[in-house]
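Chain by chain, the residues run as shown.
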Amino acid sequence: MIDRPEYLKKLAAWKDKKLIKIITGVRRSGKSTLFKLYQDYLLEHGIMQEQIINLNMEDPSVRSLLDWDKLYDFINAGLLKDKKNYVFIDEIQNVKDFQRAADGLFIKDNVDLYLTGSNSHVLSGEWATMLSGRYIEIHIFPLSFKEYVSAYPYNDTRETMFQRYLENSSFPYSMEFTTGQNRWDTGKIRDYLGSIYSTIVLHDVIENKKLRETGRLELVLKYLADNIGNQTSMKKISDVMINDGFKIYPQTIENYLEALRDSYILYRADRYDVKGKKLLKTLYKYYLVDMGFRYFLLGDRQIDTGRMLENVVYLELLRRNRKVYIGKIDTPRITEDIKNANTDKEKPITREIDFVVENDYGTEYYQVAETVLDKKTRDRELAPLNKISDHNPKYMLTKDAAPLTSHNGIKQINVFDWLLG
């Protein structure tokens, strides 16, 4: 069982607070394991086993409790009257009208309630209305690179471990598929990812969203997996599909993307105008929850590995409780732009800042590149950051082994140091 100290710390901080703790995230990301780790923590800190009630609503042995009133009655009958009870319900969305049971348990003074859910419906509709202000969400991802390295079974370089992290998946159980002697059973890993993917697509997407078929949905997901970090729109995807012989309208694609995001297999980053200080409503970027899924969907098809690095950094920023946007800023053309331009040399060019990040302390800006040892590449990556007039921190993350460097106040950091820090 891989330790998840950051998530465990969050749960411990909310212990006995009068709020429902809801852990959300993609299937097999480690929600049930986090429950087990936290229950062990409780036992180590003076809570008795009989104070803990733990139910997994995907377990066939509790199929009689899939109506909210039966679930409530079962738990209520098992509560200790004179002690605090810690109630854990895994995959609560499988219970019909589950919010009623949750509300009934919440109002009891001797219950500390913890739930998990594998799609965003847990926090929408009637649920959100009924329990508004009564819950805290803790969103869990598959393993971070730091967690992956902590459980890595062999003595390898960081570069090698990172490549395994991309290819073999960040889902915790994928770490079990080793064959010894620094070898990985990639066949079993792909089979395992296939089983997760099928469950997500068939259950969390097709069934919950009442979609009619999987083929076109998978085409859209494969397109996005092949275009990680590229700006896109519903019309652009639709045009590509039509050119390939598949007639899929933008509204249908929008429904697909909403369903994929609800299941947490896909995340969307909105664009932000840095100078205008406003969100833009077009040309979003999409990122996958796990790079192993990309290899599962597309095989070893070549992709700019810098964009996969960008995907990893994006997820890491989300893990660190940041709000993350794609930055847009208009800047004068640099020498390389002027030489290649077919338009007015004086006209500004719209440049992209990989990530504009908001946290409790303010705003940060990030550029991500595999290497900036080449001066032209370095100048291109620095150009948008140099045009930001505020004094918020600016970072450039690269694989370059050089020590911490500053370019006119922009800190260049080795991305492995940053991911492991």
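See the structure printed just above.
Residues numbered from 1 in each chain as written. Predicted model: local features only at pLDDT ≥ 70, side-chain atom pairs only at ≥ 80, totals over all residues. Heavy atoms only, no water.

(A) Representation of the environment of A101 in the model. Along the chain, the position of A101 falls in helix 4 (residues 98–106). For A101, a relative accessible area of 1% gives the class buried. Distance in space between the C-alpha atoms of A101 and D67 is 9.0 Å, their sequence separation being 34 residues. Not counting residues within four places of it along the chain, the set of residues in contact with A101 comprises W68, L71 and Y72. (Helix = DSSP H or I, 4+ residues; strand = E, 2+ residues; numbered from the N terminus. Buried < 20%, exposed > 50% of the residue type's maximum accessible area, 1.4 Å probe, protein only. Contact = heavy atoms within 4.5 Å.)

(B) Just the layout of surface pockets, in detail. When its volume is computed, the largest pocket comes out at roughly 610 Å³. Residue lining of the largest pocket: 20 residues in total, with E137, H139, F141, Y267 and L318 positioned closest to the centre. Listing elements by their share of the lining of the largest pocket, those giving two or more residues are strand 5 (135–139), helix 11 (250–262), strand 8 (266–273) and helix 13 (305–319). Among the residues forming the lining of the largest pocket, the class breakdown is 10 nonpolar, 3 polar and 7 charged. (1 Å grid on protein atoms, 1.4 Å probe; cavity = no way out; pocket = protein on both sides within 12 Å on 5 of 7 lines; lining within 4 Å. Points joined across faces, edges and corners; volume = space filled by probe spheres on them. Nonpolar A, V, L, I, M, F, W, Y, C, P; charged D, E, K, R; others polar.)

(C) Summary view of the sheet that holds strand 3 (residues 85–90). Taken together, the 5 strands give an open sheet; going across it, the order is 2-3-4-1-5, and neighbouring strands pair in parallel fashion. If you trace the sheet from one side to the other, it starts and ends with strand 2 (52–56) and strand 5, each paired once. On average, each strand axis in the sheet is tilted by 15 degrees relative to the strand beside it, whichever way the strands run. Across 4 bridges, the pairing between strand 1 (residues 20–24) and strand 4 (residues 111–117) is parallel. Opposite K21, over in strand 4, you have Y114 as the bridge partner. Strands strand 1, strand 2, strand 3 and strand 4 of the sheet are contacted by helix 2 (residues 31–44), whose axis makes an angle of about 170 degrees with strand 3. (Pairing = 2+ DSSP bridges. Axes fitted to C-alpha atoms, helices over the stretch in contact; angles between N-to-C directions.)

(D) Spotlight on the pattern of salt bridges. Under the defined criterion, the tally for this structure stands at 22 salt bridges. Residues R319 and E316 are paired through a salt bridge, measuring 3.3 Å at the closest nitrogen-oxygen approach. With R319 and E316 both in helix 13 and 3 residues apart, the pair spans about one turn of that helix. Since its relative accessible area comes to 7%, E316 is described here as buried. (Salt bridge = Lys/Arg side-chain N within 4 Å of Asp/Glu carboxyl O.)

(E) Here's a closer look at empty space enclosed by the protein. Evaluated as defined, the whole model comprises 1 cavity of 30 Å³ or more. By volume, the largest cavity amounts to about 70 Å³. For the lining of the largest cavity, the elements supplying multiple residues, two or more each, are helix 7 (158–168) and helix 13. Ranked by residues supplied to the lining of the largest cavity, first place goes to helix 13 with 3 residues.

(F) Summary view of the side chain of S174. Tracing the chain through its elements places S174 in the loop between helix 7 and strand 6 (178–180). Residue S174 is classed as buried on the basis of its relative accessible area, which comes to 1%. A distance of 3.2 Å separates a polar atom in the side chain of S174 from the backbone oxygen of S169. Apart from the residues within four sequence positions on either side, S174 is in contact with N168, S169, W184, I189 and Y192. (Polar contact = N/O pair within 3.5 Å; in protein donor to acceptor, adjacent residues only side chain to side chain.)

(G) Just a negative patch on the surface, in detail. A contiguous patch of negative charge, built from D67, D69, D73 and D97, is present on the exposed surface. Looking at where D69 falls in the secondary structure, it is placed in helix 3 (residues 68–78). By relative accessible area, which is 36% here, D69 ends up partly exposed. (Patch = residues over 30% accessible without salt bridge, like charges linked within 9 Å, V, L, I, M, F, W, Y side chains within 5 Å. Areas by Shrake-Rupley, 256 points an atom, 1.4 Å probe, with all protein chains shown as cover. Lys, Arg positive; Asp, Glu negative; His and termini not counted. Charge placed at Lys NZ, Arg CZ, Asp CG, Glu CD.)

(H) Up close: the packing of aromatic side chains. Following the criterion strictly, the structure yields 28 aromatic pairs and no others. Here Y197 and F296 contribute two aromatic rings whose centre-to-centre distance is 5.5 Å and whose plane-to-plane angle is 55 degrees, an arrangement assigned as tilted. One end of the pair, Y197, is in helix 8 (residues 186–209); the other, F296, is in helix 12 (residues 291–298), with 99 residues separating them in the sequence. Summarising the aromatic geometry, the rings of Y287 and F355 are spaced 6.1 Å apart at their centres and angled 55 degrees between planes, so their arrangement reads as tilted. Here the residue Y287 occupies a position in strand 9 (residues 278–288), and F355 occupies one in strand 11 (residues 349–359), the gap between them amounting to 68 residues. Members of the aromatic cluster, each reached through a chain of ring pairs, are F145, Y148, Y152, Y154, F162, Y165, W184 and F416. Its end group placed over the ring of Y284, R268 keeps NZ or CZ at 3.9 Å from the ring centre. Seen from the ring of W418, R320 lies directly overhead, with NZ or CZ sitting 4.2 Å from the centre. (Phe/Tyr/Trp six-rings, centres within 6.5 Å; stacked < 30°, edge-to-face > 60°. Lys NZ or Arg CZ within 6 Å of the ring centre and 35° of its normal.)

(I) Inspection of helix 2 at higher detail. For helix 2, spanning 14 residues, the distance from its first C-alpha to its last is 20 Å, which sits close to the expected 20 Å at 1.5 Å a residue. Listing the buried residues of helix 2 in full gives K31, L34, F35, L37, Y38, Q39 and L42. The inward-facing, buried residues of helix 2 contact helix 1 (5–13), strand 1, strand 2, strand 3 and strand 4. Where helix 2 terminates, the next one or two residues include G46, which has phi positive at roughly 95 degrees. (Expected span 1.5 Å × (residues − 1).)

(J) Inspection of the pairing of strand 4 at higher detail. With respect to burial, strand 4 is a largely interior element, 7 of its 7 residues being buried. Burial along strand 4 is two-sided: V111, L113, L115 and G117 and D112, Y114 and T116, pointing in opposite directions, are all buried. Considered for its hand, the β-α-β crossover made up of strand 3, helix 4 and strand 4 is right-handed. (Right-handed = clockwise from strand over helix to strand, strands pointing away.)

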